[in-house]
Amino acid sequence: MAAENVLVLVVLVAAAAGAAAWRRLAPGSFWFCVGFPVRWAWVFATWPKVAAGCKLSRKRNRLRWSLEVVPLVSTSASTSYTQRRKVRTVAVDKAPRFGLPRPTSLGWRVGVRLHDGQVPADYQAAAERLAHAWGVHSVRVLPDKPGRVVLVVNRVDPLTDVTASPETGELLTVRPGMLETGMPWIMDLKVMPHWLNAGATQSGKSTLVNAIIRGLAPQPIALVGFDLKGGVELTPYAPRLSALATTRAGSVRLLDGLVSILEDRMTLCRTAGARNVWQLPEEIRPVPVVVLVDEVAELFLMADKSEKDEVAKTATGLLRVAQLGRAFAVYLIVSGQRIGSDLGPGVTALRSQLSGRVCHRVNDPETANMTLGDLDPAALDAARAIPAETPGVAIVAGQDGTWSRARTVLITEDEAEHAAKTFAHLTPAWSDLIRSLTGPRATVDDPAVHPPRAA
Ligand SMILES: Nc1ncnc2c1ncn2[C@@H]1O[C@H](COP(=O)(O)OP(=O)(O)OP(=O)(O)O)[C@@H](O)[C@H]1O
Ligand SMILES: [Mg+2]
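The shown structure was predicted, so the numbers you read here are calculated from the model rather than taken from an experiment. (Residues numbered from 1 in each chain as written. Chains lettered and ligands numbered in written order. Predicted model: local features only at pLDDT ≥ 70, side-chain atom pairs only at ≥ 80, totals over all residues. Heavy atoms only, no water.)

### As for the overall build of the protein chain
Note the cut-off: Each helix corresponds to a stretch of at least 4 residues labelled H or I by DSSP, and each strand to a stretch of at least 2 residues labelled E; elements are numbered beginning at the N terminus. This radius of gyration counts C-alpha atoms alone. The globule rule is 2.2 Å times how many residues there are, raised to the power 0.38. When a residue's accessible area, from a 1.4 Å probe over protein chains only, is under 20% of the maximum for its type it is buried; when over 50% it is exposed; and in between it is partly exposed. The contact definition used throughout considers only heavy atoms, calling two residues in contact when any of these lie within 4.5 Å. In short, Shrake-Rupley with a 1.4 Å probe defines the accessible areas, and a residue's cover is counted only from the protein chains shown.
The helix and strand inventory of the protein chain stands at twelve helices and 16 strands. On C-alpha atoms alone, the protein chain measures out to a radius of gyration of 31 Å, which is more than a quarter above the 23 Å that the 2.2 N^0.38 rule sets for 455 residues. Based on the C-alpha atoms only, the size of the protein chain along its principal axes is roughly 120 × 60 × 45 Å. Relative to its full complement of 455 residues, the protein chain shows a buried share of 47%. Summarising the internal contacts of the protein chain: among those between residues at least 6 apart in sequence, 65% fall at separations of at least 24. For the protein chain, the accessible area works out to roughly 22,700 Å², and carbon and sulfur atoms hold 57% of it.

Next up, the structure:
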């Protein structure tokens, strides 16, 4: 008997040691084969209690049989009793029903059927409570078909350490980082042509621009910059920039040039009977232009009234580029700490054209509102909750109204500068871009527009 007990003990210890080794050496397969089934069994078993605690259950009346003790015969000396079955109505908690769970490398996804009268917002409000109850990093609620939501559960934060290459090998597409779902964050300018990149100082705006430059530099496109912070941010990338404006006057000229490029492309498309440049034959298709604007507020701020005209011209130029850019392959990536109506007329119209949104950590709720305000209120809450210790974390939203937490891969200035130098030979000359049917309009040789190339 004692020998059998020892054998059982040895087998148990060996199994535990084997499981521990498996978990350490191959955590992915361990999670799918052992971790997830065990975790799900526990989630399923405790769901009625958790759902009630998170106020997601509904009280339902149920008929229950019970035994009632009733007196049968009563004499002066004694009473005899009997039992009688009786139907009672009792209120019980009924938890919403789960669909089939699907394990993911980071956790699991599971559909839940809403009770009558429930809406996805009820689950969003309970998401944090669910995460605590299940001991996981986060629970995201995605609306599914009517009457159903999908819970995306992440055991750990996938954005703690993001490693990805911004290069995708696909034209006008970059991979600046990773989404909270563990999927790559893909920025496809052909689908979403204009982006607003907002956030407080040191929140990660320039790092995102670095990643975009790193991803786009090897592609056959032109990059153009506006940097009114004295050019300190974008000048290091000058070898890969076809033009860079660092002064207000330079910005006006550069925008004038971009508008003339757009007008030429319009004429070209009209002549060829095409609706956009992508319908043109490849041999005459003009090169795509990606315009990077650093600290957009600098373009709109006026020191005195004498600058009023230039600011108005800048606002109109940017808006025209945004409106016409999609069809004629000119794309805008606008970065700034704030982009609100307080900057002046035209800003709100420009913002509404920038349908791709990236909102890094913000200091004030208004900036989150300005960047994401026309989207789901939960996106705003998520933006306000980004801690200062995680620069590069942002809320990314597209025009279909969906949003996700994401983090850029850390591409330093040195790496972006190195990419700019490595692919400098792919930089189209501004004079080639501007050469057109309608004739050049920008002052091509103006040093404010066309920076001297770094060796
Ligand atoms: N994805 C990231 N992962 C890790 N660290 C990051 C990430 N993004 C940014 N950082 C860190 O945060 C610092 C500030 O980032 P960045 O310069 O991009 O902020 P910013 O919003 O452009 O600030 P400013 O408004 O002052 O120009 C960087 O030096 C970098 O160390
Ligand atoms: Mg910056």
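### As for the UniProt feature "domain: FtsK" (unreviewed entry) in the protein chain
Cut-off, in case you're wondering: UniProt positions are given in the numbering used here, feature names are shortened, and annotations may be inferred rather than shown by experiment.
When the UniProt feature table is mapped onto this chain, "domain: FtsK" (unreviewed entry) is found at residues 182–369. In residues 182–369, the share of helix is 38% and the share of strand is 20%. The end C-alpha atoms are 26 Å apart.

### Focus on the packing of helix 1 (residues 2–25) against helix 2 (residues 27–53)
Packed helices, taken two at a time, are described by their axes: the angle between them and the distance between them. Let me state the cut-off plainly: Structural elements are reduced to axes, namely lines fitted to C-alpha atoms, with helices fitted over the stretch in contact, and the angle between N-to-C directions of any two is expressed from 0 to 180 degrees. Any angle from 65 to 115 degrees is called roughly perpendicular, while one under 35 is roughly parallel, one over 145 is roughly antiparallel, and all others are oblique. Polarity classes work like this: nonpolar for Ala, Val, Leu, Ile, Met, Phe, Trp, Tyr, Cys and Pro, charged for Asp, Glu, Lys and Arg, and polar for all others, with Gly in that last group.
For the pair helix 1 and helix 2, the least separation of the axes is 5 Å and the interaxial angle reads 125°. Judged by the angle between their axes, helix 1 and helix 2 are oblique. Residues Ala19, Trp22, Arg23, Arg24 and Leu25 of helix 1 pack against Pro27, Ser29, Phe30, Cys33 and Val34 of helix 2. Taken together, the residues of the contact of helix 1 with helix 2 sort by class into seven nonpolar, one polar and two charged.

### Overview of the site of ligand 1
The line we're drawing: A molecule or strand has a residue near it when one of that residue's heavy atoms lies within 4 Å. Polar contact is defined as a pair of N or O atoms within 3.5 Å, subject to the rule that within protein one atom must be able to donate a hydrogen and the other to accept it, and that residues adjacent in sequence are counted only when both atoms are side-chain atoms.
In the vicinity of ligand 1, 16 residues are found, and the nearest of them are Thr201, Lys205, Ser206, Thr207 and Thr408. Within the side chain of threonine 207, one N or O atom sits 2.7 Å away from an oxygen atom of ligand 1. Isolated, ligand 1 exposes 630 Å² of accessible area, and the fraction of that covered by the protein chains is 76%. Secondary-structure elements contributing two or more residues to the shell around ligand 1 are helix 4 (205–216) and strand 16 (403–408). For the shell around ligand 1, the per-class residue count stands at three nonpolar, nine polar and four charged.

### Remarks on the sheet that holds strand 13 (residues 330–336)
Selection criterion: Should DSSP find at least two bridges between two strands, the strands are taken to pair.
Read across the sheet, ten strands follow the order 8-7-16-15-14-9-13-12-10-11 without closing on themselves; strand pairing throughout is mixed. One side of each edge strand has no neighbouring strand; the edge strands of this open sheet are strand 8 (184–188) and strand 11 (241–245). Averaged over all neighbouring strand pairs, the angle between strand axes comes to 25°, with direction disregarded. Relative to strand 16, strand 7 (residues 173–179) is paired through three bridges, and the arrangement is antiparallel. For leucine 179, the partnering residue across the bridge sits in strand 16 and is alanine 406. Contacting strand 7, strand 8, strand 9 (194–198), strand 10 (222–227), strand 12 (289–294), strand 13, strand 14 (356–359) and strand 16, helix 4 runs over the sheet at an angle of about 135° to strand 7.

### Thoughts on the nonpolar core
Test applied: Buried Ala, Val, Leu, Ile, Met, Phe, Trp, Tyr and Cys residues that are joined via side-chain atoms within 4.5 Å together make up what is termed a nonpolar core.
Core analysis: the largest hydrophobic core is formed by 79 residues, its most contacted members being Phe226, Leu258, Val290 and Leu332. The element that contributes the greatest number of residues to this core is helix 5 (residues 248–272), accounting for seven residues. Setting aside chain neighbours within four positions, we find phenylalanine 226 in contact with Leu234, Leu244, Ala245, Ser251, Leu254, Leu255, Leu258, Val291, Leu292, Val293, Asp294 and Leu299.

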